[in-house]
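Each chain is listed here by its residues.
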Amino acid sequence: MRRQFPGHGASRGNALGRARVRQPHALEVAEERIAPGQAAAEVARLHEAIDMVREELRDLRSRLHGALAHEVGEFLDLHALLLDDPELLQGLDGLIANELHGADFALRVQRDRLAAVFESMDDPYFRSRVEDIDHVIGRIHSALHRHDAQVTGVAGEILVSDSLAPSEVARLHARGVLGIVTAGGSMLSHTAILARSLHLPLVVGSPQALSLVNDGDVVMIDGATGLVIVDPDADDLRAHRERVREGKRERRQLHRLRREPSRTLDGVDIRLYANAETREDVAEAHALGAAGVGLYRTEFLFLQRNELPSEEEQFVAYRDLVLGMTGRTATIRTLDVGADKSDGSGLALPYEPNPALGVRGVRLALRRRDVFTTQLRAILRASGYGPIRILLPMVAQREEVLAARRLLRTVAARLRREGHAVAEGIPLGAMIEVPAAAIALPAMIDLLDFMSIGTNDLVQYLLAADRGNDALVDLHSPLHPAVVLLLHQVIGTARAHGKPVAVCGEMAGDAVFTPLLLALGLEEFSLHPGTLLEVRQAVRAQDLAGLRARLTELLRARDHAGIARWLARSTGEP
Ligand code: PEP
Ligand code: MG
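Scope of this entry: the structure provided in the associated data block. (Residues numbered from 1 in each chain as written. Chains lettered and ligands numbered in written order. Predicted model: local features only at pLDDT ≥ 70, side-chain atom pairs only at ≥ 80, totals over all residues. Heavy atoms only, no water.)

### Examining the overall build of the protein
When its secondary structure is counted, the protein shows 25 helices and 16 strands. Over its C-alpha trace the protein gives a radius of gyration of 26 Å, about what one expects of a compact globule, namely 25 Å for 574 residues. Residues classed as buried in the protein amount to 52% of the 574 residues present. Of all intrachain contacts in the protein linking residues separated by at least 6 positions in sequence, the fraction that spans at least 24 positions is 70%. When the accessible surface of the protein is summed, it comes to about 24,800 Å², and 54% of that surface belongs to carbon and sulfur atoms. The distance from the centre of the 68 positive side-chain charges to the centre of the 77 negative ones in the protein is 8 Å. (Helix = DSSP H or I, 4+ residues; strand = E, 2+ residues; numbered from the N terminus. Rg over C-alpha atoms; globule rule 2.2 N^0.38 Å. Buried < 20%, exposed > 50% of the residue type's maximum accessible area, 1.4 Å probe, protein only. Contact = heavy atoms within 4.5 Å. Areas by Shrake-Rupley, 256 points an atom, 1.4 Å probe, with all protein chains shown as cover. Lys, Arg positive; Asp, Glu negative; His and termini not counted. Charge placed at Lys NZ, Arg CZ, Asp CG, Glu CD.)

Okay, structure coming up:
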């Protein structure tokens, strides 16, 4: 029977395929009983998962070096001890063998029992150990389902899942999965950014998906509107075919702009740079006449793997990026793992209760000098092949820029002594994405050669609204007066100092916001090549002098609706 329900469109495109439903591995598992004859096999399955976790912890431990070995090692040792705790193991075996619970439910019961014991203790230290129990039990639980997760998603299927890690997106795409629907997530998550980069239709924030879709159902998704239809009828199928045709027509029309300048009606050239991570992105950016690469997120080289990429591997990736841009500048951002980009980075990141406010970006780089030095060596070696700029993520204070500059000088000098060709005067810039850096930009701008405003994070930190939390999509919006005022301030400071400034967050790639950014004085955008032509079209439709004459009106807008009205008037909407 036909059913339809909404989500948020996070990566455009229409997909029609068979559903593959991946139920969440949360511990809210329902009570399940097994037959007495299954108990021995269920105990064995559980112990196999425990062995897997033991092996994982050992492996993580062996890859820790220096201060981290002490700091994180202690934490891993504690988890290894918990894993061998007879109380935990016997309890689990008993729940399966005597009470005939499935392994998942046994984990849940045992977790609650142990948590109750710890939580009743007076000592706050012991009470806080519940977190460790959750961590260990969670690891066993996902090990129990690792096999299921590995087989999820094949060619011709649409994956329906509670959430998705960025590292899974590329794997699913390579397998020929046609589209993805997630119950949670947001369009600013790195998962969504990657899906857009791969042109893989994605609908997020669709909590009904897990209950309304069954394995094998035919599903139709619209990655622009977020609409999901199960068991589509003849009208739906016709509409789907029409949308696919319409999409092709629009793309053909936009394609005509690929050799046209990004010039406003009153003749001002706006530089459109590309956010590019893959070879395909780089080729597309080049073909569409991007001014250069404005953001190359190097962390994607570090994800989906267990070991760190070597200097040579990184060098080849950066060199090929530089060569691919044939003389146009490539802006390489140094490692920004952490927050939602920490899975399988080969870095064994310590557990942090608030990772988005934790050791990520330049903070991590400066603590892991070995990793940072290797990366800077690889980047500087690539500078011998064409123009590059280096961009530091998550900068909050001048000390970080100073420390990075010092290290950059030392690494460059060493490379030159070794006989490598390293360019002179490579521009060093900072992402402006921590409100402190935006507000106090005048206090550090002397250290920066250029700036790139990361609105995804800047909005998140400014409005205290998690960029990955679907419940906050209305709040996490660039249409908040605080965002507009701060962008105006940052762009104005950069221009007053004669330094280049771009916006490289997702906002820059959404043509809806183009008039607003132009009015604020922005002349450099960095966006995914997938939307470059749309933004070029929007730039070409605007009269810059006219927009800037309406700036005061924009800066006076008091709410989301006021800014949206200003935007609507800029595009001639009623
Ligand atoms: C941003 O925060 O806007 C940005 C471009 O960086 P990322 O999305 O990689 O955090
Ligand atoms: Mg960011």
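Here the narrative resumes.
### Comments concerning the side chain of Arg536
Relative to the helices and strands, Arg536 is located in helix α22 (residues 532-540). Put simply, Arg536 is tucked away with no salt bridge, and the nearest opposite charge, on Glu260, sits 8.0 Å away. A polar contact is formed between the side chain of Arg536 and the backbone oxygen of Gly289, at a distance of 3.4 Å. Not counting the four nearest positions on each side in its chain, Arg536 is found in contact with Leu257, Arg258, Arg259, Glu260, Pro261, Ser262, Leu272, Leu288 and Gly289. (Salt bridge = Lys/Arg side-chain N within 4 Å of Asp/Glu carboxyl O. Polar contact = N/O pair within 3.5 Å; in protein donor to acceptor, adjacent residues only side chain to side chain.)

### Details of the side chain of Glu524
Considering the arrangement of structural elements, one finds Glu524 in strand β16 (residues 524-527). At 3.4 Å, the side chain of Glu524 forms a polar contact with the side chain of Arg271. In contact with Glu524, other than residues within four places in its own chain, are Arg271, Tyr273, Pro500, Val501, Ala502 and Val503.

### A short note on the packing of helix α3 (residues 86-97) against helix α4 (residues 103-119)
Between α3 and α4, the least distance of the axes is 9 Å, while the angle of their chain directions is 135°. Overall, the two elements α3 and α4 adopt an arrangement that is oblique. Helix-helix and strand crossings are classified by hand; for α3 and α4 the assignment is right-handed. On the side of α3, the interface is formed by Glu87, Leu88, Gly91, Leu92, Leu95 and Ile96, while α4 contributes Ala103, Ala106, Leu107, Val109, Gln110, Arg113 and Leu114. (Axes fitted to C-alpha atoms, helices over the stretch in contact; angles between N-to-C directions. Parallel < 35°, antiparallel > 145°, perpendicular 65-115°, else oblique. Left-handed = near helix turned anticlockwise from the far one by under 90°.)

### A word on the sheet that holds strand β2 (residues 8-11)
Judged by pairing direction, the sheet is mixed, and its 8 strands sit side by side in the order β1-β8-β7-β3-β4-β5-β6-β2 without closing on themselves. Each edge of the sheet is formed by a strand with only one pairing partner; in this case those strands are β1 (3-5) and β2. On average, each strand axis in the sheet is tilted by 30° relative to the strand beside it, whichever way the strands run. Sheet analysis places β1 next to strand β8 (residues 228-230), joined by 3 bridges and oriented antiparallel. Looking at β8, one finds that Phe5 is bridged to Val228. (Pairing = 2+ DSSP bridges.)

### Details of the nonpolar core
Counting residues in hydrophobic clusters, the biggest one holds 115 residues, and the most contacted among them are Tyr318, Leu380, Ile453, Leu516, Phe525 and Leu554. Sort the elements by how many residues they give to this core and helix α17 (residues 398-417) lands first, with 8 residues. Leaving out residues up to four positions away in the same chain, Tyr318 has contacts with Tyr296, Thr298, Leu301, Phe302, Ile332, Gln375, Ala378, Ile379 and Ala382. If you look at the next biggest cluster of nonpolar residues, it comprises 32 residues, including Phe105, Ala106, Val130 and Ile137. (Core = buried A, V, L, I, M, F, W, Y, C linked by side-chain atoms within 4.5 Å.)

### Quick word on the pairing of strand β12 (residues 388-392)
Of all 5 residues in β12, 5 are buried; the element is thus mostly enclosed. Burial along β12 is two-sided: the face carrying Ile388, Ile390 and Leu392 and the face carrying Arg389 and Leu391 are both buried. As judged from the 4 bridges shared by strand β11 (residues 330-333) and β12, these two strands associate in the parallel manner. Opposite Thr331, over in β12, you have Arg389 as the bridge partner. Looking at chain direction, β12 and strand β13 (residues 428-432) are connected through 3 bridges and run parallel. Considered in β13, the bridge of Leu392 is made with Ala430. This β-α-β element, β12 to α17 to β13, shows right-handed connectivity. (Right-handed = clockwise from strand over helix to strand, strands pointing away.)

### Looking at the site of ligand 1
Not every one of the 16 residues close to ligand 1 is listed here, only the nearest: Arg297, Arg333, Gly454, Asn456 and Arg467. The side chain of Arg297 places a nitrogen or oxygen atom 2.7 Å from an oxygen atom of ligand 1. At a separation of 3.4 Å, an oxygen atom of ligand 1 approaches a polar backbone atom of Gly454. When ligand 1 is considered free in solution it has 290 Å² of accessible area, and contact with the protein chains removes 100% of it. Given that more than half its atoms are within 2 Å of the pocket grid, ligand 1 belongs to the largest cavity. When residues of the shell around ligand 1 are traced back to their parent elements, those giving at least two are α9 (190-197), β10 (293-297) and α19 (455-462). Of the residues contributing to the shell around ligand 1, the split by class is 4 nonpolar, 5 polar and 7 charged. (Near = heavy atom within 4 Å. 1 Å grid on protein atoms, 1.4 Å probe; cavity = no way out; pocket = protein on both sides within 12 Å on 5 of 7 lines; lining within 4 Å. Sits in = over half its atoms within 2 Å of the grid points. Nonpolar A, V, L, I, M, F, W, Y, C, P; charged D, E, K, R; others polar.)

### So, the coordination of the magnesium ion (ligand 2)
Donor atoms from the polypeptide that coordinate the magnesium ion (ligand 2) comprise Glu433 (OE) and Asp457 (OD), at 2.0 to 2.1 Å from the metal. Of the two residues, Glu433 sits in the loop between β13 and α18 (435-439) while Asp457 sits in helix α19, which places them 24 residues apart along the sequence. (Donors = N, O, S within 2.8 Å, 3.2 Å for Na, K, Ca; no water.)

### Focus: the pattern of salt bridges
Where charged atoms from two side chains of opposite charge come close, those side chains can pair. On inspection of all chains with the given rule, the structure shows 41 salt bridges. Between Arg2 and Asp236 there is a salt bridge; the shortest N-O distance is 2.5 Å. Residue Arg2 is found in the segment before β1, and its partner Asp236 is found in helix α11 (residues 234-255); the two are separated by 234 residues along the sequence. When its relative accessible area of 9% is taken as the criterion, Asp236 is described as buried. Notably, a salt bridge pairs Glu157 with Arg18, separated by 3.0 Å at the nearest N-O pair.

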